[in-house]
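# Architecture and fold: a report
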Amino acid sequence: MTYIGTSLPISSGTPKASGSLAYTGDMKLDRMLHAKLLLSPHPHAKIKSIDTAKAAAVPGVIAIFSHENTPATYYNSALWIAEQDFVPDERLFSPVVRFVGDRVAAVVAADEATAEHAAALIEVDYEELPAVFDIEEAFAARNVSRDPETLPIYENPISDMTVEYGNTDEAFARAHLVVEDRVKTPKTHHCAIENHVCLAVAERDGSITVHTPCQSVFAVKFIVAKALSLPDDRIRVIKAPTGGSFGGKSEPVLEPLCAFFSRVTKRPVMLQLDRYGSIVSTRTRNAAVGRVKTAFDKDGKILARDIQAIGDAGAYRSGGNMVVGAMARRLGRLYKIGNQRFRGWSVYTNTPIGGAYRGYGSSQIHAITEINLEHAARRLGMDPVELRLKNLVEPFDDDPAGGPSVGNARIIECVKEGAEAFDWKNKRNRPRGDGRRKRGVGMSCATHGNGHFGAYPENAAATLSLRDDGGLHLVSPLHDLGCGTVTIMRQIVAEAVGASPEMVAVPEADTGTCAFDPGSRASRVTYIVGECAQEASLMLKAKILEVAALAFNSSPDDLTLKDNQIRSNYGGDRRMSLRELAGFARQRSPEDISVTHHFKPRANPGSYAACFVEVEVDTLTGLTRVMDVLAVHDIGQPINLTLAEGQVHGGIHMGIGYALLEDLDIDPDTGQTKGNSLSRYQVLNAPEMPRVQVLFVESKETTGPYGGKALGEVATVPMAPAIVNAVNHALGTELTELPLTPERVVAGLVEQDELDQA
Amino acid sequence: MTLARDIASPASLKELSHLISNRDGRILFVCGATDFIIDLKIGHLSKPDLAVDISRLPELSFIESDTDCFRIGAATSFTRILQDAVLGRHFNCLVKAVEVIGSVQIRNRGTIGGNIATASPCGDTLPVLWCLDAEVSILGKDGQLRKAPIDEVILGDRQTCLGNGDLITEVKIPKLNNGSHLSAFQKVGRRGVMTISKLNLCAVVKYDESSNRIDAARVAAGSIGGIPLRLTSAEQILERRRVDRELIRDFVDHLPVMIDQAIPGRISRPYKRHAIKGLGEDVMHDLFAEKTGLQREDAVPA
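Small disclaimer: the values here were computed from a predicted structure and weren't measured.

A tally of helices and strands in chain A yields 19 helices and 28 strands. By the compact-globule yardstick of 27 Å for 758 residues, chain A fits well, its C-alpha radius of gyration being 27 Å. Per-residue burial for chain A yields a buried fraction of 59% across its 758 residues. When contacts within chain A are restricted to residue pairs at least 6 apart in sequence, long-range pairs at least 24 apart make up 80% of them.

What follows concerns the overall build of chain B. Within chain B, the regular secondary structure consists of 12 helices and 15 strands. The C-alpha atoms of chain B give 20 Å as radius of gyration, which agrees with the globular expectation for 302 residues (19 Å, within 12%). Its C-alpha atoms give chain B principal-axis dimensions of roughly 60 × 45 × 35 Å. Scored against the burial criterion, the 302 residues of chain B give a buried share of 43%. Long-range contacts, defined as pairs at least 24 residues apart, comprise 62% of the intrachain contacts of chain B with a sequence gap of at least 6.

The next thing to look at is the sheet that holds strand S21 (residues 504–505) of chain A. Residue and element names in this part refer to chain A. Taken together, 4 strands build an open sheet; the order of strands is S21-S20-S19-S25 and the sheet is mixed. Looking at the sheet topology across the chains shown, the edges are occupied by S21 and strand S25 (594–599). The pairing of strand S20 (residues 472–475) with S21 spans 2 bridges and is classified as parallel. Across the sheet, Leu472 pairs through a bridge with Val504, a residue of S21. Packing of helix H14 (residues 485–497) onto the sheet brings it into contact with strand S19 (460–466), S20 and S21, and relative to S20 it is tilted by some 130 degrees. This element, helix H15 (residues 525–552), spans S19, S20 and S25 of the sheet and lies at about 35 degrees to S19.

Of all hydrophobic cores here, the largest spans 324 residues; its most connected members are A:Val107, A:Cys258, A:Val493, A:Ile723 and B:Ala203. If one sorts the elements of this core by residue count, H15(A) sits on top with 12 residues. The contacts of A:Val493, once residues within four sequence positions are left out, are A:Leu464, A:Leu472, A:Leu474, A:Val504, A:Ala533 and A:Ser537.

All names here are of chain B. Annotation of chain B at the domain level lists domain 1 (6–174) and domain 2 (181–292). The C-alpha-based centres of domain 1 and domain 2 are spaced at 26 Å. Looking at the side of domain 1 that touches domain 2, the elements that each hand over two or more residues are helix H5 (92–99), helix H8 (126–131) and strand S8 (154–156). Counting residues per element, the side of domain 1 that touches domain 2 draws most heavily on H8, at 5 residues. Looking at side-chain class alone, the side of domain 1 that touches domain 2 contains 13 nonpolar, 5 polar and 3 charged residues.

It helps to recall that an α-helix has 3.6 residues per turn; residues three or four apart then point in one direction. All names here are of chain A. Of all 10 residues in helix H9 (residues 320–329), 10 are buried, a share of seventy percent or more. Residues of H9 that are buried: Gly320, Asn321, Met322, Val323, Val324, Gly325, Ala326, Met327, Ala328 and Arg329. For H9, the secondary structure elements touched by its buried residues are strand S7 (159–165), strand S15 (302–314), strand S16 (339–348), strand S17 (354–355) and helix H10 (362–380).

We now examine the domain arrangement of chain A. All names here are of chain A. What the domain assignment reports for chain A is domain 1 (13–129 + 196–272), domain 2 (284–450 + 603–757) and domain 3 (460–599). Measuring from the centre of the C-alpha atoms in domain 2 to the corresponding centre in domain 3 gives 40 Å. Its residues assigned to classes, the side of domain 2 that touches domain 3 comprises 6 nonpolar, 9 polar and 2 charged.

What follows covers the interface of chain B and chain A. Each partner contributes to the interface: chain B provides 21 residues, whereas chain A provides 28 residues. Tallying contributions element by element places helix H12 (residues 269–292) of chain B first for the side of chain B that touches chain A, with 7 residues. Here the residues of the side of chain B that touches chain A are counted per class, giving 11 nonpolar, 3 polar and 7 charged.

Further remarks concern the sheet that holds strand S4 (residues 96–97) of chain A. Residue and element names in this part refer to chain A. One open sheet accounts for 3 strands, arranged S4-S2-S6; its pairing is antiparallel. The open sheet has two edge strands with one neighbour each: S4 and strand S6 (123–128). In this sheet, S6 lies alongside strand S2 (residues 45–51) in antiparallel orientation, the contact comprising 6 bridges. Note on S6: the bridge partner recorded for Asp51 is Glu123.

It is worth spelling out unusual backbone geometry at this point. Residues and elements named next belong to chain A. Residues Asn156 and Pro157 are joined by a peptide bond in cis, for which omega reads -5 degrees. Along the chain, the position of Pro157 falls in the loop between helix H4 (135–140) and S7. The residue after Leu738, namely Pro739, is reached through a cis peptide bond having omega -10 degrees. Along the chain, the position of Pro739 falls in the loop between helix H18 (719–731) and helix H19 (742–757). With a phi angle near 70 degrees, Glu83 is a residue other than glycine that sits in the positive phi range. Inspection of the secondary structure puts Glu83 in the loop between strand S3 (61–66) and S4. What makes Glu83 exposed here is the crowd of 7 C-beta atoms within 10 Å. Phi is positive for Asp423, which is not a glycine, with a value near 60 degrees. Here Asp423 is to be found in the loop between helix H12 (411–422) and helix H13 (424–429).

Residue and element names in this part refer to chain A. Taking 1.5 Å per residue as the helical rise, H14 with its 13 residues ought to reach 18 Å, and the 18 Å between its terminal C-alpha atoms agrees with that figure. Of all 13 residues making up H14, 13 are buried, and the element is well covered by its neighbours. Phi turns positive, to about 100 degrees, at Gly498, one or two residues after H14.

Next up on the list: the packing of helix H6 (residues 217–227) of chain A against helix H7 (residues 255–265) of chain A. Residue and element names in this part refer to chain A. Remark: H6 packs on H7, axes separated minimally by 9 Å, with the N-to-C direction vectors making an angle of 55 degrees. Compared by their axis directions, H6 and H7 come out oblique. The chirality of how H6 crosses H7 is right-handed. Together, Val220, Ile223, Val224 and Ala227 of H6 and Glu255, Pro256 and Ala259 of H7 make up the contact between the two elements. Here the residues of the contact of H6 with H7 are counted per class, giving 6 nonpolar, no polar and 1 charged.

Residue and element names in this part refer to chain B. Within strand S11 (residues 181–189), 8 of the 9 residues are buried, which leaves the element mostly enclosed by the surrounding structure. Direction of pairing for S11 relative to strand S12 (residues 197–208): antiparallel, over a ladder of 9 bridges. When the sheet's bridge partners are listed, Leu182 is paired in S12 with Val205.

So, how was this worked out
Residues numbered from 1 in each chain as written. Chains lettered and ligands numbered in written order. Predicted model: local features only at pLDDT ≥ 70, side-chain atom pairs only at ≥ 80, totals over all residues. Helix = DSSP H or I, 4+ residues; strand = E, 2+ residues; numbered from the N terminus. Rg over C-alpha atoms; globule rule 2.2 N^0.38 Å. Buried ≥ 20, exposed ≤ 12 C-beta atoms within 10 Å, placed from the backbone. Contact = placed C-beta atoms within 7 Å. Pairing = 2+ DSSP bridges. Axes fitted to C-alpha atoms, helices over the stretch in contact; angles between N-to-C directions. Core = buried A, V, L, I, M, F, W, Y, C linked by C-beta atoms within 7 Å. Domains from an automatic or database assignment. Nonpolar A, V, L, I, M, F, W, Y, C, P; charged D, E, K, R; others polar. Expected span 1.5 Å × (residues − 1). Parallel < 35°, antiparallel > 145°, perpendicular 65-115°, else oblique. Left-handed = near helix turned anticlockwise from the far one by under 90°.

Given below as structure tokens:
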């Protein structure tokens, strides 16, 4: 292959590095206004009155919005298909605020500083209401209406689901060993460099154009239309360059507000959040509490597993139930488990709203189950690698829960190659140190899906044309979030057609020009849209050769298209460039050289990963240093090697944060987010990034483009449990509450000491 | 966002004095501005009537070595302090504290005078200045210069003795006898680098190498209360003792008691009483490993 598997530089690299790329926040339009939000200081309160007189008196203030003058139309920001039946409980501004950071009001003014100044002058009289911050406390208060105003739907649980197959109870009854754990994962922030931002433009014809660094232009379109009670066709959404998302910009948050402000003021309105706003008032990763029981026979084969998990949706429903569903869908796809029961709930709490986050559901469920496996290995007296190898799925296994086949699942190779390259056996058996600093190694496996198929509707569409200048033009609703989607599509099209990547233009999503697509979500873009692009490319190539056959006076089968040129397989000097062919076709061909392809996948294989880590823990300060990481991924054929490695590096960085540092850290008394700035919400810094080695098991997936599968999400999933396992290996503890902050490590050690002395 | 009603950037102290002497309203001196805008945004500071940029004053950025002391200009950046080899040889503890303040960018902008005036409980130079008996020079709005020991300048969490228009001009640190004084500083934060102290610890000892004895000791911890905490009973453990493993153990074992006394009901107590042992071990190691050859007991097997 010419371009697949190479390290073609990312197309946005130079504009980003040189600072020339214009993000939404850089856009300036004539007569553009700026909006600022006033966010709730209370975790749950009824707004008794809002006095905007002082704010309105500030020169430059154009409009002030609150629940008093905005639609009471409820919507659910998680939907991505028109008419999707998700329970609506959010509106532009609510008369009852449900968490610290909920939207109270907004000021639209001539400039940002004026809007900010005026927003601070709005006087709000609140009547505070009881609030719940803890997942289990919220769970305990099931089926109790917690809202005296009985505003839309505000009862726990949001969802209650069971997945069961085999005979779990019978299998537990004959178990040699049952290992039980309770694992807690934190609510986390995506930390994209670009804060949330949106620019809406009310057009003269009454329609609204929305520029947004979103993950799904169609989701934005449908939700804005719903919130504003406008027909869908009145909303046009253009995806703007994105400064990182990681799921955080998957759901429309600012877009309905911004569109409404623009509609009322009849001027373009820009709404940008600061870091506090992005952390508390957009979306977060759902926190979770899981109880897992795993039954083993004496050889370490998993007989059965029983899991109960609660996901914290936060103050609005969003896709809280779907995250728990995603947790359930992983359970039969990593290990061969014949008997399994999962019960999962999603609950409201008076905390920031949950939503999409890289590793959707997988990060939570793998933390729960992979930490449990480490403890099981310990009690079985087995090496954790051996224990996993006895149980891992094999290629083309069925999903016992009824989902699609796991596909060409090569997790066993990942584990074997990783253990070898990491020198696992030696490192695992090395002394951990008998002094203050202890060393330990841990590992974890993980799987994540490839698109929606099997769970939600899935499709892709692409129009690929040969332009008159000889270039190729791919129109497909793509959302490059910074990870190189555009570059990958250029590689796929170039490879399939026989053109060079620089000849392939790939504009991003615009509802004004593109057919429907679910967006950049569910690890679907490379696998689903890439496959669609490959098929479209092969169709276009056939068309090109058909026309070329006229020019060459030969059969299409006797022609080759390579390096932007067509030539005969039977020799001769004649070369026809794509530009020449386009000109020829314009004059001679009965139809344009263009194809529109609609693609419906019929598979959803797993992407797989195994991570091996070494840590050093200071038993006095409780600080954990990750020394060394080896990640082995089964993503079929990597389309772009450098981008793939970069994804894994970033995933590891994020996973270390999840394991050790990152937490919104809601104050259990006040409901305030303590991790509400980058000095209090700490991610791992570059100097502390460990040595990282990335390997790919390149075994092609027959259903993906050139054998490729998804990587973006699975890249981060195994890291956190691998680190927790390494820390527990180093210390002999069984810490299960993430993140393993110095305080938690020290508390665990003190407790262990007390137990030893008792 | 406007930072102040009025902003001035004088080029000399004389111009500054002239500028503020008859000025009404609240004056705020800004130098590295590493905290200024953030503090305004989060409400730690209210907008001053006049913000005076003192970063361009040549008179405030210097490191001078006198016979009995070092004088450091208030607007001297942390980076410049780190680059001064003589100062570094004298005060290992100061260098170690400055080395771990923020990031390179913060150290390029942040100043020693700013660290004092901000009076954050987790200001890393503060326990160092406490142990070194630093003296602070303050130029009043009326042009009068006065001097005050550091523990009379910093009064509490973000509280100082500085009145409106008072400008810190320099910090004077008495020289230690280079042959006999050793010092060390350690801190722990949420992560390994670029982190705010959860706890820090500074020690300065007068050490007699021939007898391997500590003659005198100053020990202070930061990020515990509003101001650095002198650990006098820990100092007493060190004084007039031979340096050996037993001494280190006695010192380290005593530190949690000091935390228990300082913050009895605080939620952070269980962690800090444990972590301070780590800082204590590290400080003792830094002080004595080279002189005595005493190594840590905790070497991790390779």
